[in-house]
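These are the residues of each chain, in order.
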Amino acid sequence: MAAKLLGKVLDVHSGGEDLRFPHHDNEIAQSEAYFGSTQWVNYFLHAGHLNIDGLKMSKSLKNFITIREILSKFSAKQIRLLFLLQPWDSVMHYQRVNTMDTVNAKLRAFESFFQKVSTILRESKNEKIVESWNGLDIDLHDYLLSTEESVRQALLDNFNTPEALRLLSSLVNKAQSYLTTSSSPKGLLLKKLAIFITKILKVFGLVEETNEFGFSHETSISGVATEDILKPYLDAITKFRTAVRQAAKEKKDFEEFYTLSDQLRRSIAEQGVKIVDDDPVLSYSFVNKEQLLKEIDEVDKRKAEKFLKQKQSRLVAQKKKLDLVKKKLLTPAQVVRSKFNVEINPDNTVPSVDINGKEITKGVAKKVEKVITDQKRLNEQIQEELKKEPNLVLDLEREISLLEQEVKLL
C-alpha cells in the first residue's frame, strides 16, 4: 500500500516508538526483499508515547482520552503548545490537573508582548517615526539576531521545539525588560521581534492567521479593526476601573468596589477584551473570548475556594475564642466541681472531703488550690476584656452564626 502511493523508496516513515521493533524491522525486511533494494526508508521518526498522570495511555488502564474529549476542555492551540514543549521522540506527559498552567503562561506572555507592540505602533501611527537607536536598542537587536540563529540551530537539532520555544520566551522576556527600562521604546524594532516570533509560531501551527504578527484580531463587517472602533470607549472604561480600584485600596471597607470592578472586567471580556492591571504600556488587549472567559472562571473559582477557606478558618478561630471566653467566665467553684468532684468553701478554700464524703488527699488538695488560683486569674482577665467589649459573648455568637450560614451557602 505504501509503495503504491509513495513509490519504492520512502523518504520519511513515522510511528510510535513501540513499532521500532519488530514491526518496522519486519516492514523493512519484506519491502527490501520484494523490491530488491538495500534501503527502503531514508529516515524513521519514532514518536514517544503519551502518558496520562504518569502512566502510558491505554484502554486497559482506563485512562484513555479522545481528541474530541480534550478539545472540549482546551483549544487546539493549547494542545499543540503542550506537546511542542516536550521532545517529540520522548514520552509526552499529560496531567489531568493543572496540565495547562505552563502552556497558558506561555500564551499569555506571547499575547501580552504582541499587544504591547500593537499599542506602541497604534499610538505612533499619526506621528513621523524617527528611530535613532541607543545602546538599549542595539542590545535588543543583537539579541534578536542571536535568537534567530539559535532557534534555527535548535530546529536543526532533531526538531528541538522545547528549546526553540524557550529561546522565543527568552526573547519576549528581553523585550519586556527593554520596555520597562527604555524611556523611548522603538516601535519598528519591537515589530521586527514580533514578526520573527510570529513566523516561528506559524511554523509550529500556533498561528493560522495571515496577520503580520500576533494572534488573530476580530474585525467588523466594514473591515475596520475592532480595537480602532472601541479604543476611546475602552480608554474611558479602563480609567474608571483604575480609579475605582485605587479608591478601594485607600478605603479598605469599600470591598464592593472590587466586586463592581470584576463585574466590569467580565462584561468587557465577553467582547473579547482583556483588562490588564499594573502595566505601564498595555491597559487592555484583544484576545480569544472563549479562552479569556475560561481563565476568568478559573480565577473566580480559585478566589471562591480561597474565600471559603478564609471563612472556615475564621469560623474555627472564633469558636475557639468563644470557648476560651466561656472558660474564663467559669467560677473557680464550677471548674473544681467539674474536675475533682469537690465543692470548695465560699472563701475559695479546699474542704477536707469531696461531694461523696471521701477524704481529700494533700496531693489532690494542692491540685485544687492551683486550679482555684489559675481560674481566679482567668476571671480577672475576662473582666478586663468585658470592660472594653461588654457584648463580647453576644458578638462572638452572632458572628459564628453568620459564618456558619455563609460557609453553608458557599
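Everything below is about the structure printed above this text.
Given the structure is predicted, the values throughout are model-derived calculations rather than measurements. (Residues numbered from 1 in each chain as written. Predicted model: local features only at pLDDT ≥ 70, side-chain atom pairs only at ≥ 80, totals over all residues. Heavy atoms only, no water.)

Student: Tell me about the packing of aromatic side chains, and please be specific about residues and values.
Tutor: Counted by the stated rule, this structure contains 4 aromatic pairs. Ring centres 5.1 Å apart and planes at 80 degrees place the aromatic pair Y34 and F35 in the edge-to-face group. A relative accessible area of 68% places Y34 in the exposed class. Relative accessible area serves as the criterion here: at 25%, F35 is assigned to the partly exposed category. Residues F114 and F213 carry aromatic rings whose centres are separated by 6.4 Å and whose planes lie at 45 degrees to one another, so their mutual orientation is tilted. Here the residue F114 occupies a position in helix α5 (residues 101-123), and F213 occupies one in the loop between α8 (187-203) and α9 (226-250), the gap between them amounting to 99 residues. This pair shows no difference in class: F114 is buried, exactly as F213 is. (Phe/Tyr/Trp six-rings, centres within 6.5 Å; stacked < 30°, edge-to-face > 60°. Buried < 20%, exposed > 50% of the residue type's maximum accessible area, 1.4 Å probe, protein only. Helix = DSSP H or I, 4+ residues; strand = E, 2+ residues; numbered from the N terminus.)

Student: Give me the pattern of salt bridges: which residues, what numbers.
Tutor: Tallying each qualifying case throughout the model produces 22 salt bridges. The salt bridge partner of D139 is K174, with a shortest N-O separation of 2.8 Å. Taken as a pair, D139 in helix α6 (residues 135-156) and K174 in helix α7 (residues 161-181) lie far apart in primary sequence, 35 residues in all. The partly exposed category is assigned to D139, whose relative accessible area is 37%. Ionic pairing is found between R314 and E399, a salt bridge with its closest N-O pair at 2.7 Å. In this pair, R314 sits in helix α11 (residues 289-329) while E399 sits in helix α14 (residues 392-409), placing the two residues 85 residues apart along the sequence. The network of salt bridges with shared partners includes R241, D262, R265, D277 and K303. (Salt bridge = Lys/Arg side-chain N within 4 Å of Asp/Glu carboxyl O.)

Student: Hey, could you go over the sheet that holds strand β5 (residues 92-94) for me, with residue numbers and the actual values?
Tutor: Reading across from one edge, β4-β3-β5 is the order of the 3 strands in this open sheet, with mixed pairing throughout. Across the chains shown, the open sheet's two edge strands, defined by having one partner strand only, are β4 (55-56) and β5. Two strands pair when backbone bridges link them, and strand β3 (residues 50-52) and β5 are joined in this way by 3 bridges, in the parallel orientation. By the bridge assignment, L50 is partnered in β5 with M92. (Pairing = 2+ DSSP bridges.)

Student: Can you tell me about the nonpolar core, naming the residues and giving the values?
Tutor: For soluble globular proteins, nonpolar side chains are generally found buried alongside one another. Core analysis: the biggest nonpolar cluster contains 44 residues, and F113, F114, L168, L190, I197 and L201 have the highest contact counts within it. Mapped onto this core, the elements with two or more residues apiece are α4 (76-84), α5, α6, α7 and α8. When neighbours within four sequence positions are excluded, F114 is seen to be in contact with A194, I197, T198, L201, F213, G214 and F215. (Core = buried A, V, L, I, M, F, W, Y, C linked by side-chain atoms within 4.5 Å. Contact = heavy atoms within 4.5 Å.)

Student: Got a sec to walk through helix α10 (residues 255-269)? Specific residues and values, please.
Tutor: For α10, with 15 residues, the first-to-last C-alpha span of 21 Å sits near the 21 Å given by 1.5 Å per residue. What α10 keeps buried is the set S261, R265, I268 and A269. The arc that holds the buried residues of α10, viewed along the axis, is 105 degrees, so those residues lie on one side. (Expected span 1.5 Å × (residues − 1). Arc of directions from axis to C-beta.)

Student: Any details on the environment of A3? Residues and values, ideally.
Tutor: Its place among the elements puts A3 in helix α1 (residues 2-6). For A3, a relative accessible area of 29% translates into the label partly exposed. Through-space distance from the C-alpha of A3 to that of E208 is 33 Å; in sequence the pair is 205 residues apart.

Student: Run through helix α13 (residues 362-388), naming residues and quoting values.
Tutor: With 27 residues, α13 ought to run about 39 Å at 1.5 Å a step, and its terminal C-alpha atoms sit 40 Å apart, in line with that. Listed as buried for α13 are A365, V368, V371, I372, Q375, L378, N379 and I382. Those residues of α13 hidden inside the fold are in contact with α11, α12 (332-340) and α14.

Student: So, the packing of α7 against α8: which residues are in play, and what are the values?
Tutor: At a minimum axis distance of 11 Å, the contact between α7 and α8 shows a crossing angle of 160 degrees. If you check the angle between α7 and α8, you find them roughly antiparallel. Considering how the two elements wind past one another, α7 and α8 form a crossing that is left-handed. Only L189, L190, L193, F196, I197, I200 and L201 of α8 make contact with α7, whose side of the interface consists of L165, L168, L171, V172, A175, Y178 and L179. Residues that form the contact of α7 with α8 fall into these classes: 14 nonpolar, no polar and no charged. (Axes fitted to C-alpha atoms, helices over the stretch in contact; angles between N-to-C directions. Parallel < 35°, antiparallel > 145°, perpendicular 65-115°, else oblique. Left-handed = near helix turned anticlockwise from the far one by under 90°. Nonpolar A, V, L, I, M, F, W, Y, C, P; charged D, E, K, R; others polar.)

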